[in-house]
Amino acid sequence: MLGMVKNSLLSTVEAWPYRLLNKGEKDQLSYEERACEGGRFAAVELVGKPFDEASKEGAVKLLKYVGGSNDRGVGMGMTAPVSITAFPAEDGSFQQKVKVSLRIPSQFQDNPPCPTDESIKIEERQGMTIYSTQFGGYAKEADYVSYAAKLKAALGSDAAYRKDFYLCNGYDPPMKPYGRRNEVWFVKE
């Protein structure tokens, strides 16, 4: 636990590498199109819990992993964002199923430590192009749903992206009270 706290408070945060492809704005909503690198990710799936509870539980598991709860006992440093794959229901709310993931820091990409928590899986993911919009505050399900609807409206019917899921991203530790960064990502088809 101490490793997790030290890791999230004192270490530098490595950002998920991406290339900005395009910027847009519509109805006072700014958005970006980005090409995000692939790589290895630590991920945990949670089913049967509300989004806010499941996303917090998953994030804590991943923070413990990068903080030293792994077969090498090594603190790896932090990456951002913590990414939560949400699966919208027909009414726009989230199904009780999430996948919380974190890109493994660069120096461990080739040979990541094995998690001691068996619910955490190491996944190899391809790069992806995304549409993204950003907002502040302590994000909850209602905020992500609201900004996803705004992004959908801003992109209009011309943009082709996955409708069966989207990514809810948080960049900041819970102890950061202001200047927080959250994003909704739609994965381009």
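In the block above lies the structure referred to throughout.
Anyway, here's the lowdown on the structure attached to this text.

What counts and what doesn't
- Residues numbered from 1 in each chain as written.
- Predicted model: local features only at pLDDT ≥ 70, side-chain atom pairs only at ≥ 80, totals over all residues.
- Heavy atoms only, no water.
- 1 Å grid on protein atoms, 1.4 Å probe; cavity = no way out; pocket = protein on both sides within 12 Å on 5 of 7 lines; lining within 4 Å.
- Points joined across faces, edges and corners; volume = space filled by probe spheres on them.
- Helix = DSSP H or I, 4+ residues; strand = E, 2+ residues; numbered from the N terminus.
- Buried < 20%, exposed > 50% of the residue type's maximum accessible area, 1.4 Å probe, protein only.
- Pairing = 2+ DSSP bridges.
- Axes fitted to C-alpha atoms, helices over the stretch in contact; angles between N-to-C directions.
- Contact = heavy atoms within 4.5 Å.

### Side note on the layout of surface pockets
Estimated volume of the largest pocket: approximately 770 Å³. Along the wall of the largest pocket there are 30 residues; nearest its centre are K56, A59, D172, P174 and R180. Among the elements of the structure, α1 (2-10), α2 (51-67), β5 (78-80) and β6 (82-88) are those that each provide at least two residues to the lining of the largest pocket. At eight residues, α2 tops the list of elements feeding residues into the lining of the largest pocket. For the second largest pocket, the calculated volume is near 250 Å³. At four residues, the largest contribution of residues to the lining of the second largest pocket is made by helix α3 (residues 141-155).

### Topic: the pairing of strand β7 (residues 94-103)
Most of β7 is tucked away: seven of the 10 residues are buried. By the bridge criterion, seven bridges tie strand β4 (residues 39-47) to β7 in an arrangement that is antiparallel. Bridge pairing links E45 to K99 in β7. Connecting β6 to the antiparallel partner β7 that follows it, the hairpin turn spans five residues, and G92 within it adopts a positive phi of roughly 95 degrees.

### A closer look at the sheet that holds strand β10 (residues 166-170)
The antiparallel open sheet is built from nine strands, whose spatial order is β2-β3-β9-β11-β10-β6-β7-β4-β8. Two strands bound the open sheet, and with one partner strand each, they are β2 (18-26) and β8 (120-125). Averaged over neighbouring strand pairs, the angle between their axes works out to 30 degrees when direction is ignored. Looking at chain direction, β4 and β8 are connected through six bridges and run antiparallel. Paired with A42 across the bridge in β8 is I122. Against the sheet, α3 touches β2, β3 (29-36), β7, β9 (128-135), β10 and β11 (182-187), its axis set at about 50 degrees to β11.

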